[in-house]
2 protein chains.
Amino acid sequence: MPDAYIVGAGQTEFGTFPSESYRTLFAEAFEAAVESVDGPIDAGDVDEAVVGTLGVGGRQLGLSAPAVTEHVGLHNVPSTRVENACAAGGFAVRQAVQAIESGIADVVLAGGVEVMSDMSGDATKYWLGVSGETEWERLTGTTFSGVYAQMASAYLDRYDATTEDLSRVAVKNHANGAKNPKAHLDFACSLADATDAPTVADPLNLYHCCPTSDGAAAVLLASGDVVGEYTDERVRVAGVGAASDRVGLADRDSYTAISASKEAGTRAYEMAGVGPADLDFAEVHDCFAIAELVAYEDLGFCDPGEGATLLREGVTDPGGDLPVNTSGGLKSKGHPIGATGTGQLVEAFDQLTGNAGERQLDDPTYGLAHNVGGSGGATVVHVLEREAAR
Amino acid sequence: MPDAYIVGAGQTEFGTFPSESYRTLFAEAFEAAVESVDGPIDAGDVDEAVVGTLGVGGRQLGLSAPAVTEHVGLHNVPSTRVENACAAGGFAVRQAVQAIESGIADVVLAGGVEVMSDMSGDATKYWLGVSGETEWERLTGTTFSGVYAQMASAYLDRYDATTEDLSRVAVKNHANGAKNPKAHLDFACSLADATDAPTVADPLNLYHCCPTSDGAAAVLLASGDVVGEYTDERVRVAGVGAASDRVGLADRDSYTAISASKEAGTRAYEMAGVGPADLDFAEVHDCFAIAELVAYEDLGFCDPGEGATLLREGVTDPGGDLPVNTSGGLKSKGHPIGATGTGQLVEAFDQLTGNAGERQLDDPTYGLAHNVGGSGGATVVHVLEREAAR
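How each quantity is defined
Residues numbered from 1 in each chain as written. Chains lettered and ligands numbered in written order. Predicted model: local features only at pLDDT ≥ 70, side-chain atom pairs only at ≥ 80, totals over all residues. Heavy atoms only, no water. Domains from an automatic or database assignment. Contact = heavy atoms within 4.5 Å. Buried area = accessible area lost by both parts, 1.4 Å probe. Polar contact = N/O pair within 3.5 Å; in protein donor to acceptor, adjacent residues only side chain to side chain. 1 Å grid on protein atoms, 1.4 Å probe; cavity = no way out; pocket = protein on both sides within 12 Å on 5 of 7 lines; lining within 4 Å. Points joined across faces, edges and corners; volume = space filled by probe spheres on them. Helix = DSSP H or I, 4+ residues; strand = E, 2+ residues; numbered from the N terminus. Nonpolar A, V, L, I, M, F, W, Y, C, P; charged D, E, K, R; others polar. UniProt positions renumbered as here; feature names shortened; annotations may be inferred. Least-squares fit on C-alpha atoms with pLDDT ≥ 70 in both. Buried < 20%, exposed > 50% of the residue type's maximum accessible area, 1.4 Å probe, protein only. Pairing = 2+ DSSP bridges. Right-handed = clockwise from strand over helix to strand, strands pointing away.

- Looking at an unreviewed UniProt entry, one finds chain A named Acetyl-CoA C-acetyltransferase and attributed to Halogeometricum rufum.

Next up, the structure:
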């Protein structure tokens with residue numbers, strides 16, 4: 001079974017680009033990924049393509065993968081869309097890894113793209129809502145903020161954590177995103193800003209919620225057999241884990257943990273042969289501030305209920321033992337659904353190859369990316385390892 | 001690299017079931033697949049799930065894979081939706097094969113489901129249309145019938161074929177479908193019926209077009225390492241090939257051939273180590289009658305322009321050298337988008353295991369399934385081989 005390596009990764013700025021074509025966004029991310037590869041590579045090298053999207057904002061609901069890959073010059077290459085709501089981009093990378101490991105492809109493009117802002121009035125809210133459970137969440141008027149607010153209420157009730165802790169997630173991630181030229185909300189905020197913000201869905205306020213973004217991201221993967229043709233910097237996909245769970249929150253075992261994340265993390269660690277203590281950084285799915293605290297626990301960074309302590313002690317700050325969301329996370333970098341999970345791997349690749357600019361960590365070896373669909377209906381986790389050049 | 005085997009396959013009846021839940025349809029197909037397996041198997045054996053759907057009729061656009069797999073008792077199992085328009089179900093099976101070949105899973109469920117008829121007025125037409133190229137086909141008012149009518153016009157103009165030949169496709173496939181208890185339009189028709197029908201999009205008449213169907217299909221695959229636990233009847237996925245092309249017909253090289261089908265077929269034959277002459281039967285994507293003639297040529301059953309001759313000479317009749325669409329094809333069996341490609345493999349499995357009832361062919365060894373997305377934006381081809389029990 002050949003190993004899969006990431007040899008290039010790039011993305012557009014995440015932001016509000018209602019006039020932008022989804023094709024143009026995808027092409028910009030693809031070009032950025034191509035340019036990031038050390039050696040020469042072009043569309044002709046790609047054997048397989050996988051694209052994550054909820055549906056490019058409704059502009060091309062069917063055949064949306066071939067529609068974007070034809071635009072970057074991939075012809076005759078198998079091109080498939082995968083969708084697992086907000087985890088579509090992460091699952092696209094997972095399928096790309098499988099394509100390599102199955103021996104069917106040597107070089108694979110995994111990408112994600114979404115246009116969310118080109119809608120009138122409340123349409124964006126509805127479009128996001130299609131990833132919620134239909135009958136008992138969406139059709140009863142529960143938005144995603146509402147679902148995560150229920151998780152936050154249960155968490156704050158059960159554990160020693162406060163809404164100020166939720167605001168601390170925002171403060172940390174905005175501080176990181178302010179250093180990321182690709183971030184949607186690229187400004188720092190104070191704890192007062194993040195605490196005194198208007199309520200969205202109690203106990204979540206505006207600073208506890210990620211923005212609705214447009215954007216695209218792309219990752220180029222190569223098998224161990226050919227990786228040397230493209231780069232000497234070996235960023236290996238050491239572990240991949242995925243799991244699903246019931247789509248509706250009320251049907252799940254817990255409101256204060258996401259079982260699919262636990263399973264996905266366990267599987268990824270096992271495949272990689274490492275544990276949370278080996279990680280040098282992580283990108284986790286902080287669509288709402290509560291989700292970051294829960295992710296710490298689901299991924300074994302700390303025990304259940306200890307997420308806020310980890311945050312308060314600065315462990316997940318850039319200077320801490322396990323920096324989380326150096327990119328700014330979904331909260332500050334942004335959340336263009338299908339592009340989000342792929343975009344996490346762009347940050348991880350940049351960190352591992354020393355290209356994270358002002359956000360660069362000191363010589364990291366292991367990084368993790370954690371991408372959640374809906375409120376936990378599906379999760380995918382990747383563990384990347386920078387190998388010494390061989 | 002472990003081989004992938006189909007150990008079970010089943011489907012619902014295809015038809016018009018506007019009141020039916022997509023979950024119930026999927027569960028019925030899953031149960032039929034489970035019951036078709038020789039040995040004991042249940043949801044707990046499944047390591048991975050892949051579901052093809054255009055969006056279950058809009059009822060659950062996001063997380064539609066976990067939404068149906070949770071309903072059949074798959075928990076914690078990675079569940080991913082794949083979409084390539086009308087080829088979603090075939091691409092789901094391809095991803096399942098990759099999961100096995102990559103070593104990540106031993107038993108995989110690949111399924112497809114669609115509800116198309118639960119819409120008012122022209123909504124079904126629009127919903128189908130989302131798989132067409134958006135700007136130059138769908139938004140200019142070109143339906144799928146219109147796109148295939150352009151292909152038919154070009155074909156009839158270029159080659160020695162007539163609209164009567166198109167009608168012969170319908171006659172053959174309806175004769176087959178009349179023997180299929182799962183078929184949507186399960187009645188025979190005469191050449192006069194199929195010739196004197198009202199025009200849909202000139203030169204295509206009503207009998208040259210497949211129906212809009214609801215339904216689900218499911219296939220259970222196992223790796224060579226564990227297949228013996230489930231069955232002694234070895235139906236191996238000997239070859240898989242896939243390719244994409246430009247989504248819009250006008251952007252493609254030819255109106256009389258589908259390049260993605262040629263490429264996908266070539267790749268599947270190469271992997272299987274067989275050619276068209278070795279096949280004992282094929283299920284091809286006859287969404288419109290012209291598509292079946294073009295498929296004969298793209299898949300190497302005959303030279304370009306010879307498709308009608310093959311049909312007229314009865315080569316593709318059940319008693320001919322290469323029976324095509326013994327299930328009734330999309331034309332008679334029906335076309336519930338996401339379920340169609342998976343359903344083709346149900347027929348192939350039934351033929352290879354001697355369970356095709358009145359449609360049973362005499363001891364077939366090799367069967368092919370050919371599933372096209374849109375008007376040729378993506379194609380996937382599988383070659384199955386029945387191995388002697390070992």
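Once the structure has been displayed, the description carries forward.
## Focus: the domain arrangement of chain A
Residue and element names in this part refer to chain A.
- The domain architecture assigned to chain A consists of domain 1 (4-120 + 212-235) and domain 2 (132-209 + 238-385).
- Taking only C-alpha atoms, the centre of domain 1 and the centre of domain 2 are 22 Å apart.
- Every contact between the two is made by 44 residues of domain 1 and, on the other side, 35 residues of domain 2.
- Regarding the contact of domain 1 and domain 2, the summed buried area is about 2,800 Å², with carbon and sulfur atoms giving 69% of it.
- Summed over the three residues of domain 1 that lose the most area to domain 2, namely F14, C86 and V235, the buried surface amounts to 24% of that side.
- Scanning the region where domain 1 abuts domain 2 turns up 11 residue pairs in polar contact (both at pLDDT 80 or more).

## A closer look at empty space enclosed by the protein
- Applying the stated criterion to the full structure yields 6 cavities of 30 Å³ or more.
- Within this model, the largest cavity holds a volume of roughly 60 Å³.
- Among the elements that line the lining of the largest cavity, the one with the most residues is helix α12 (residues 340-352) of chain B, at 3 residues.
- Considering only residue class, the lining of the largest cavity consists of 3 nonpolar, 7 polar and 2 charged.
- Considered as a void within the structure, the second largest cavity measures approximately 50 Å³ in volume.
- Taken together, A:F14, A:E283, A:S327, A:G329, A:L330, A:K333, A:G334, A:T340, A:G343 and A:Q344 form the lining of the second largest cavity.

## Some points on the UniProt feature "domain: Thiolase C-terminal" (unreviewed entry) in chain A
- Mapped onto this numbering, the UniProt entry gives "domain: Thiolase C-terminal" (unreviewed entry) at residues 241-386 of chain A.
- Along residues 241-386 of chain A, the helical share is 34% and the strand share 16%, with 18 Å between the first and last C-alpha atoms.

## Let's talk about the relation of the copies chain B and chain A
- Laying chain B over chain A is done by rotating through 180 degrees and shifting 0.0 Å along the axis; what remains is an RMSD of 0.0 Å. The transformation relating the two chain copies, once decomposed into turn and shift, fits a two-fold axis. The C-alpha atom lying nearest the rotation axis in chain B is that of B:S102; the distance is 1.9 Å.
- When the interface residues of chain B are mapped onto chain A, 100% of them are again interface residues, pointing to one common binding face.

## Things to note about the pairing of strand β2 (residues 48-52) of chain A
Residue and element names in this part refer to chain A.
- Most of β2 sits inside the fold, with 5 of its 5 residues counted as buried.
- In β2, alternate side chains face the same way, and those of E48, V50 and G52 on one face and A49 and V51 on the other are all buried.
- The sheet contact formed by β2 and strand β4 (residues 107-114) spans 5 bridges and is parallel. Directly across from G52, in β4, lies its bridge partner G112.
- Relative to strand β3 (residues 79-83), β2 runs parallel, the two sharing 4 bridges. Pairing of V50 across the sheet is with T80, part of β3.
- What joins β2 to β3 is helix α2 (residues 64-69), and the crossover it makes is right-handed.

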